[in-house]
Amino acid sequence: MRLLFTCIFCAVSCVLFSQEKEHISYVDINYFKGNIALHNNDILHLIKGHPEGYILSWNKKTYGFNDWEQRYNYPDYGISFAYQNLKNDVLGNVSSLYAHYNFYFLKRNIMLRIGQGIAYTENPYHKENNFRNIAFGSKLMSSTYVMINYKKERIIDRFGLQAGFSLIHYSNANVKAPNTSINSLTFNLGVTYSLDDETLEYQNTLDENHEKFTQPIKYNIAFRSGVNQSDVVGSGQFPFYIFSAYADKRIHHKSALQFGTDVFFSNFLKELIYYKSVAFPEENVDGDEDYKRIGVFTGHELFINKTSLITQLGYYVYYPFDFEGRTYFRVGLKRYFNDKWFGALTLKSHGAKAEAVEFGIGIRL
């Protein structure tokens, strides 16, 4: 029996250690300092000093052992934690957690990082204790950051340097008012440290000229929901429901074009219509206007492994109540569970004015 266990252990060990290593990882820490961008005159009183903080990240490097890695020039992916002191007692400090991708250009000297995650502020709006904070209406917010760095790894042993600029955005997307949001433009300086001694060779096995990709038109049905609120503070949070149907056509491995329609059931508009009819009679709102909207849209989907980035531009063809204009935008992420089913996290906005964070599920047939 002991001999049997010994043989099994040796066999498993041989299999594990004979597997070719496909990734190595590294960490980096960046100190940043900059300014809050004045994207809305209402936040002028919140801009004081030069916000600063740090971003700590863990990254996994890819080397092309999967086809999508070669198509995107061997990106990194990982997680980031950020802490920012906004240099204003009204705004307080913000902590954030992200998932991110690093994309490389110019012989891998330039790194573009895109991170999406959730942020926590210790000092949101309060009608009595912190009424001046019209930027953050809730403690939890969505956050996006974009970083572009000039980067050199392994300058001294495992250590490297990087420097560049970052844009950090915080917003709760009108989950709760007020929500004017904050954008920070910063300069960052950082250090990288490789967690592995060895380096791997980049694989180059794709022949895009002979690798033709065709796929018939696919039809998608999606349902999105969440809660949001109008800009009227204290008007209450209400659920919304969105039904979408659209077709998409893959034009190559990376991209698909979309065309479809949305039907919106936005309950916060019910309350807003009633409020306008009572509080602002000069706006000629009767109070019985329909809160539903119907839009048509065109879009693009960028496929990165099982995750994709969607961008859509829409126009309301049924628009009984005027709210932020007839044009709308949607941007966000989709995650495919298999060949048909997907989940989605998207932001719907009218220009720079966010309306809602949408949680969705759908099927692609």
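Throughout what follows, the structure given in this document is the object of discussion. Fair warning: this is a prediction, and the values are worked out from it, not measured in the lab. (Residues numbered from 1 in each chain as written. Predicted model: local features only at pLDDT ≥ 70, side-chain atom pairs only at ≥ 80, totals over all residues. Heavy atoms only, no water.)

**Focus: the pattern of salt bridges**
The final tally for this structure, using the stated rule, is 16 salt bridges. A salt bridge links Asp-28 to Arg-113; its shortest N-O distance comes to 2.9 Å. With a gap of 85 residues between them, Asp-28 in strand β1 (residues 24-36) and Arg-113 in strand β5 (residues 110-121) connect regions that are remote in the sequence. There is no split in this pair, since Asp-28 and Arg-113 are both buried. Close ionic contact of Arg-330 with Glu-358 constitutes a salt bridge, the shortest N to O distance being 2.8 Å. Here the residue Arg-330 occupies a position in strand β14 (residues 327-336), and Glu-358 occupies one in strand β16 (residues 353-364), the gap between them amounting to 28 residues. Take Glu-358: its relative accessible area is 0%, and that puts it in the buried class. It is possible to trace a salt-bridge network through shared partners that takes in Lys-61, Asp-76, Lys-151 and Glu-153. (Salt bridge = Lys/Arg side-chain N within 4 Å of Asp/Glu carboxyl O. Helix = DSSP H or I, 4+ residues; strand = E, 2+ residues; numbered from the N terminus. Buried < 20%, exposed > 50% of the residue type's maximum accessible area, 1.4 Å probe, protein only.)

**Focus: the layout of surface pockets**
One number sums up the size of the second largest pocket: a volume of about 470 Å³. In terms of lining, the second largest pocket is formed by 18 residues, of which the most central are Arg-250, Phe-303, Asn-305, Lys-306 and Tyr-336. Among the residues forming the lining of the second largest pocket, the class breakdown is 7 nonpolar, 4 polar and 7 charged. (1 Å grid on protein atoms, 1.4 Å probe; cavity = no way out; pocket = protein on both sides within 12 Å on 5 of 7 lines; lining within 4 Å. Points joined across faces, edges and corners; volume = space filled by probe spheres on them. Nonpolar A, V, L, I, M, F, W, Y, C, P; charged D, E, K, R; others polar.)

**Structural notes on empty space enclosed by the protein**
All chains considered together, the criterion is met by 1 cavity of 30 Å³ or more. Taken as a whole, the largest cavity spans an internal volume of roughly 50 Å³. What lines the largest cavity is simply Asn-174, Asn-228, Gln-229, Ser-230, Phe-268, Phe-323, Glu-324, His-350, Lys-353, Ala-354 and Glu-355. Class assignment of the residues belonging to the lining of the largest cavity gives a composition of 3 nonpolar, 5 polar and 3 charged.

**Describing the environment of Tyr-336**
Here Tyr-336 is to be found in strand β14. Sequence spacing of Tyr-336 and Ile-148 is 188 residues, and the spatial spacing of their C-alpha atoms is 28 Å. Aside from chain neighbours lying at most four places away, what touches Tyr-336 is Glu-301, Phe-303, Lys-306, Ser-308, Trp-341, Phe-342 and Arg-364. (Contact = heavy atoms within 4.5 Å.)

**Notes on the nonpolar core**
Residues Leu-86, Leu-91, Val-94, Phe-136, Tyr-170 and Ile-182 are the most contacted members of the largest nonpolar core, which totals 23 residues. Only β1, β4 (93-105), β5, β6 (140-156) and β7 (159-171) provide two or more residues apiece to this core. The residues touching Tyr-170, leaving out its near neighbours within four places in the chain, are Gln-84, Val-94, Ser-96, Tyr-98, Ala-119, Phe-136, Met-141, Ser-142, Ser-143, Ser-181 and Ile-182. With 14 residues, the next largest nonpolar core counts Phe-240, Phe-264, Phe-303 and Phe-342 among its residues. (Core = buried A, V, L, I, M, F, W, Y, C linked by side-chain atoms within 4.5 Å.)

**Some thoughts on unusual backbone geometry**
With an omega dihedral of 0 degrees, the bond running from Ala-177 to Pro-178 counts as a cis peptide bond. Here Pro-178 lies in the loop between β7 and β8 (182-194). For Lys-87, which is not a glycine, the phi torsion comes out positive at approximately 60 degrees. Phi is positive for Arg-154, close to 50 degrees, though the residue is something other than glycine. Within the secondary structure, Arg-154 is located in strand β6. Look at Arg-154 and you get partly exposed, because its relative accessible area is 27%.

**What about the side chain of Gln-229?**
Along the chain, Gln-229 falls in the loop between β9 (218-228) and β10 (238-250). Residue Gln-229 is classed as buried on the basis of its relative accessible area of 4%. Here Val-232 takes part through its backbone oxygen, which lies 3.4 Å from a polar atom of the side chain of Gln-229. For Gln-229, the residues in contact, after removing those within four places along its chain, are Asn-174, Val-175, Lys-176, Ala-177, Gly-234, Ser-235, Gly-236, Gln-237 and Phe-268. (Polar contact = N/O pair within 3.5 Å; in protein donor to acceptor, adjacent residues only side chain to side chain.)

**Topic: the packing of aromatic side chains**
What the rule picks out here adds up to 24 aromatic pairs. On the numbers, 5.1 Å between centres and 45 degrees between planes, the contact of Phe-223 with Phe-243 is tilted. Placement of Phe-223 in strand β9 and of Phe-243 in strand β10 is noted, with a sequence separation of 20 residues between them. Three or more aromatic residues joined by ring pairs make a cluster, and in this case those are Trp-68, Tyr-72, Tyr-77, Tyr-101 and Phe-103. If you follow Lys-254 out to its NZ or CZ, it ends over the ring of Tyr-72, 4.8 Å from the centre. (Phe/Tyr/Trp six-rings, centres within 6.5 Å; stacked < 30°, edge-to-face > 60°. Lys NZ or Arg CZ within 6 Å of the ring centre and 35° of its normal.)

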